[in-house]
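Spelled out from the first residue to the last, the chains are:
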Amino acid sequence: MQTKKFKYLLLAVVLAAAATLIWYFAYWVKTPQYSLGLIGTAVQKHDFTAFEKQVDMETLYSSAYDDVVAASFGSERLSSPLLSALVQNIKGIAVPILIDQTRQYVNSGTMAEADPNDADSPMLQNNGTDIVNSLKNKTGVNSMQYQGVEQVQKNGSTAVVTIKVFDSELDKHFLVELDMRQLADGTWQITRINNLQTLISERDQAFQNKLAELNKPVQKQIDDAITVTPQKIFITSAPYSGVIRLLQADLQLTNNAAKELQYFTGVLELYNADNELFYSGNFASSKKLAAAQTQAYQFNWELNPFLTDDAKVMNSDFSKVTWKASLSSLTFADGSTIELLTQLPVKTKTK
């Protein structure tokens, strides 16, 4: 009798466990996390049909394009009807390119380049590839590695899923917020990167920090070779326009190297009373500077009063402005150069 009761009890436990597993599986397959796993599996199995079910590429890339353009140009420049019309025109080319490249990647594991000899290729029209490459570079998509789900916030048939990614180029983790919507079969589809503009800003700052770290010893070489002494800075009129003004800076350079300087580039920076950078401009000169010699240089930059950043400079009290000029590249008569990095070195893949 005891044996029979034990068998019934064991059967009840097994049935309860099975019911729990079935309930959990039924619940799990209807979570955003499960759908993210489906996307990963689709990529691994080169199943584009499964992939595009869980990723609304048209909506995703369309919003991503808008965010990248806004981060690149700013709201003031985009308020120009001409520029706004241009970027929207290119959007109609860039989004299909991104979808096509995604299809190629999922199906083959590689992303084919457009054939330069194919004159009919849409990838060669209206600088579509430039915009696509800018979007990729801004978001760091080629160096991002998925690290897992950090948070899920569900609201009915919509959700915001925060995932952690690792940027191998910058050696830094970022959080990406994905907007997702639930489909009729209970699975979820990615529709938008919710914090893309913030992500671009954070990544830009991390890029600049990494670049500054690598350039520190190079900048010292440049500064040791050529001493830059600021003289004066002021606003003057432009002889060719009654509206445009010129920001003029007078510098003195001393060549400490034992060879003639033939060409250099540099950057002028203006800081307000709170030590915040509010203007920067590039300059360059091919005016030769002999070894152990000192020479005066003059540079100017156009200021348009109808542009906010330029207007800030024009309306500045220069008695309260801190300014500095630094060189970023040097070319000497013997052909040698010293130059700051503008891109991070490409990491070699270990086998």
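Here's a quick rundown of the structure.

Calculation notes
- Residues numbered from 1 in each chain as written.
- Predicted model: local features only at pLDDT ≥ 70, side-chain atom pairs only at ≥ 80, totals over all residues.
- Heavy atoms only, no water.
- Helix = DSSP H or I, 4+ residues; strand = E, 2+ residues; numbered from the N terminus.
- Buried < 20%, exposed > 50% of the residue type's maximum accessible area, 1.4 Å probe, protein only.
- Contact = heavy atoms within 4.5 Å.
- Areas by Shrake-Rupley, 256 points an atom, 1.4 Å probe, with all protein chains shown as cover.
- Pairing = 2+ DSSP bridges.
- Axes fitted to C-alpha atoms, helices over the stretch in contact; angles between N-to-C directions.

Once that is clear, we can look at the overall build of the protein. In terms of regular secondary structure, the protein is built from 8 helices and 11 strands. Each of the 351 residues in the protein was classed as buried or not, and the buried ones make up 36%. The long-range fraction of contacts in the protein, counting pairs at least 24 apart against all pairs at least 6 apart in sequence, stands at 61%. As presented, the protein carries roughly 20900 Å² of accessible surface, and 53% of it is formed by carbon and sulfur atoms.

Right, let's get into the sheet that holds strand E9 (residues 294-303). Across the sheet, which stays open at both edges, the 3 strands sit in the order E5-E6-E9 with antiparallel pairing between neighbours. Each having just a single partner strand, strand E5 (226-237) and E9 make up the two edges of the open sheet. Neighbour-to-neighbour, the strand axes of this sheet turn through a mean angle of 20 degrees, independent of strand direction. Pairing geometry for E5 and strand E6 (residues 245-255), over 11 bridges, is antiparallel. Looking at E6, one finds that Pro230 is bridged to Leu251. Along the sheet, helix H7 (residues 196-225) contacts E5 and E6; its crossing angle with E5, the most-contacted strand, is approximately 85 degrees.

Limitation: the analysis is restricted to geometry and does not speak to function.
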